[in-house]
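Chains, contacts and geometry: an overview
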Amino acid sequence: MLNVSTTTVSNVIHGKTKEVSPANVERIRKVLDEYDYMPNINARNLASNRSKIIGMVVKVNGKENPFKDQFFGELLGAVEDRVRSRGYNLMVYALNDVRQVQKFILSWNMDGLVTCGFVEGEISYLQERYKKPIVIIDDYDTNDLERCINIRLEDKKAAYEMTKYVIGCGHKKIAFLADNNVNLDHQRFLGYCQAMDEAGLFGSEENFLKICPGNRGEKNNLDELYEKSFAYTAIICSSDYYAAMLLNTFQDRGRKIPDDISVTGFDDVEYASLVRPALTTVRQDIQEKGLVAVDMLVKMLEENPKDMDTLVVLPTQMVIRDSVKRING
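What comes next is a walk through the structure. Quick caveat, the model's predicted, so the values are computed rather than measured. (Residues numbered from 1 in each chain as written. Predicted model: local features only at pLDDT ≥ 70, side-chain atom pairs only at ≥ 80, totals over all residues. Heavy atoms only, no water.)

Describing the side chain of Asp139
Put simply, the test is: Segments assigned H or I by DSSP are reported as helices when at least four residues long, segments assigned E as strands when at least two residues long, and all are numbered from the N terminus. Think of it in three bands: with a 1.4 Å probe and only protein chains considered, a residue is buried below 20% of the maximum accessible area for its type, exposed above 50%, and partly exposed in between. Neither His nor the chain termini are counted; the positive set is Lys and Arg, and the negative set is Asp and Glu. The rule for a salt bridge is simple: a side-chain nitrogen of Lys or Arg has to be within 4 Å of a carboxyl oxygen of Asp or Glu. Note on definitions: a residue-residue contact is assigned when non-hydrogen atoms from the two residues lie within 4.5 Å.
Relative to the assigned elements, Asp139 resides in the loop between strand E4 (134-137) and strand E5 (148-153). Despite its burial, Asp139 remains without a salt bridge, the nearest opposite charge being carried by Arg152 at 6.2 Å. In this structure Asp139 touches Phe118, Val119, Ile123, Asn150, Arg152 and Asn183, once residues within four positions along its chain are discounted.

Thoughts on the pairing of strand E1 (residues 53-59)
Here is the rule we go by: Note on pairing: two strands pair once DSSP finds at least 2 bridges between them.
For E1, the tally of buried residues reaches seven of seven residues, placing the bulk of the element in the interior. Of the two faces of E1, the one lined by Ile53, Gly55, Val57 and Lys59 and the one lined by Ile54, Met56 and Val58 are each fully buried. The sheet contact formed by E1 and strand E2 (residues 89-95) spans seven bridges and is parallel. For Ile54, the partnering residue across the bridge sits in E2 and is Leu90. Bridging between E1 and strand E3 (residues 112-116) involves five bridges; their strand directions are parallel. Directly across from Ile54, in E3, lies its bridge partner Gly112.

A look at the environment of Asn24
Basically, it comes down to this: Identification of polar contacts relies on pairs of N or O atoms within 3.5 Å, with a donor-acceptor requirement for protein atoms, meaning one able to donate a hydrogen and the other able to accept it, and with residues adjacent in sequence counted only if both atoms are side-chain atoms.
The residue Asn24 is located in helix H2 (residues 22-34) in this model. Spatially, the C-alpha atoms of Asn24 and Val12 are 9.0 Å apart, while their sequence positions differ by twelve residues. Polar side-chain contacts of Asn24 include one of 2.7 Å to the side chain of Arg27.

Brief notes about a nonpolar patch on the surface
Convention followed: Patch construction takes residues with relative accessible area above 30% that form no salt bridge. Like charges are linked within 9 Å, and nonpolar side chains (Val, Leu, Ile, Met, Phe, Trp, Tyr) are linked within 5 Å. Surface accessibility in these figures is a Shrake-Rupley result with a 1.4 Å probe; residues are shielded only by whichever protein chains are displayed.
On the surface, Met1, Tyr35 and Tyr37 cluster together to form a nonpolar patch covering roughly 430 Å² of accessible area. Here Met1 shows up in the segment before helix H1 (6-13).

Considerations on the sheet that holds E2
What counts here: Fitted lines through C-alpha atoms give the axes, limited to the stretch in contact for helices. The angle between two N-to-C directions lies from 0 to 180 degrees.
Strand order in the open sheet formed by six strands is E2-E1-E3-E4-E5-E11, with parallel pairing between adjacent strands. What marks the edges here is a single partner per strand, and that holds for E2 and strand E11 (311-314). On average, each strand axis in the sheet is tilted by 15° relative to the strand beside it, whichever way the strands run. In terms of strand pairing, E3 meets E4 through four bridges, oriented parallel. Counterpart to Leu113 in the pairing with E4 is Ile134. Contacting E1, E3, E4, E5 and E11, helix H11 (residues 286-302) runs over the sheet at an angle of about 160° to E4.

Some words on the layout of surface pockets
Rules: For cavity detection a 1 Å grid was placed over the protein atoms alone, and a set of points counts as a cavity when a 1.4 Å probe fits there but cannot get out; an open set counts as a pocket when protein lies on both sides within 12 Å along at least five of seven lines, with lining residues being those that have an atom within 4 Å of a point. Grid points are joined across faces, edges and corners, and a volume is the space filled by probe spheres set on the points. Three categories are distinguished: nonpolar for Ala, Val, Leu, Ile, Met, Phe, Trp, Tyr, Cys and Pro, charged for Asp, Glu, Lys and Arg, and polar for the others, with Gly belonging to the last.
Each pocket or cavity is described by its volume, and for the largest pocket that value is around 360 Å³. Around the largest pocket, the lining is made up of 20 residues, and of these Pro133, Arg147, Met300, Asn304 and Pro305 lie nearest the centre. At the level of elements, E5 and H11 are the ones that each hand at least two residues to the lining of the largest pocket. Each residue belonging to the lining of the largest pocket can be placed in one class, and the counts come to eight nonpolar, four polar and eight charged.

Quick word on the pattern of salt bridges
Throughout the structure, instances matching the rule amount to 13 salt bridges. Overlapping salt bridges bring together Glu80, Asp81 and Arg84 as one network.

Thoughts on the packing of helix H4 (residues 70-85) against H11
Spelled out, the test is: The cut-offs work like this: below 35 degrees is roughly parallel, past 145 is roughly antiparallel, 65 to 115 is roughly perpendicular, and the gaps in between are oblique. Should the near helix be turned anticlockwise from the far one by less than a right angle, the crossing is termed left-handed; should it be turned clockwise, right-handed.
The geometry of H4 relative to H11 is characterised by a closest axis approach of 8 Å and an angle of 40° between their N-to-C directions. Between H4 and H11, the crossing angle belongs to the class labelled oblique. In the crossing of H4 with H11, the sense of the turn from one axis to the other is right-handed. Note on element contacts: H11 touches H4 through Ile286, Gln287, Lys289, Gly290, Leu291, Val294 and Asp295, opposite Phe71, Glu74, Leu75, Ala78, Val79, Arg82 and Val83. Grouping the constituent residues of the contact of H4 with H11 by class yields eight nonpolar, two polar and four charged.

A closer look at the sheet that holds strand E8 (residues 234-237)
Strands belonging to one sheet form pairs held by backbone hydrogen bonds; the direction of such a pair is parallel or antiparallel. Strand order across the open sheet formed by four strands is E7-E6-E8-E9, with parallel pairing between neighbours. The open sheet has two free edges, formed respectively by strand E7 (208-210) and strand E9 (262-264), since each of these has just one partner strand. For this sheet, the mean inter-axis angle between neighbouring strands, taken without regard to orientation, is 25°. Along the sheet face, helix H8 (residues 183-198) touches strand E6 (174-178), E7 and E8 and points at about 175° away from the line of E6.

See below:
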């Protein structure tokens, strides 16, 4: 139609216009718009052996729907937005068993992966079967793996500072609550223990309160946690999600927060400031975590640099609100 080569048209479609005259660029784009032309992505991918698909794999770890937790919703939104802006497509897979992921990633010939929620040994298992770049969010067992970049927080330090703050408010009987004691929750528990030990209060697993993930067995578990809570004046929670659950459970049963018991969270998701009392918590930039994960992965895919940092540690900030009572005057 335009009496130009297919290479010239292809260059304009893909934005490579340096060697195409402005007049031809304008003519080609006009016809592309007129016919609503869209390149055949499958054909292009077959020719290049690239799918332009990035997979996001979320380990469920007992949660029926991890995206109920606003942390995962915010993270997914940030990852999807950045993947699209970098010219890729995103596929999301939530799983309970790491062995389920092999068919998913290999069937779609994914260019790279972002993982979240994996625990000790699971990334090693995955990498043995998938030889392309992986960016891991919040894992502490992957420092020496090839083709992997780890993005996480100063989890131990953040929990240490929060526990130290609660101790400084006069609390001595303090528990730590999470749905497991591995990976990042273990690091946060270690930070809690360090602050307790330094204050002569002896943090130990006796003061580790386990909450059922998601809503599996939730009512009986929350009833049990309510009874156990009378042994403490404060509870350090591993997430805002669980802290909000405690607020509701305790207040529905007549306990006042923070007058009867203090509660802290971790993440500073949107509802941490909306619940009452507003949560004292640890803020992390969930949006930034997702954006950095995609940018690092795309850099590995497109530049394959030899000297990339394999560990990115993002900062946290303590946010003081209304859920901790000062009992030392």
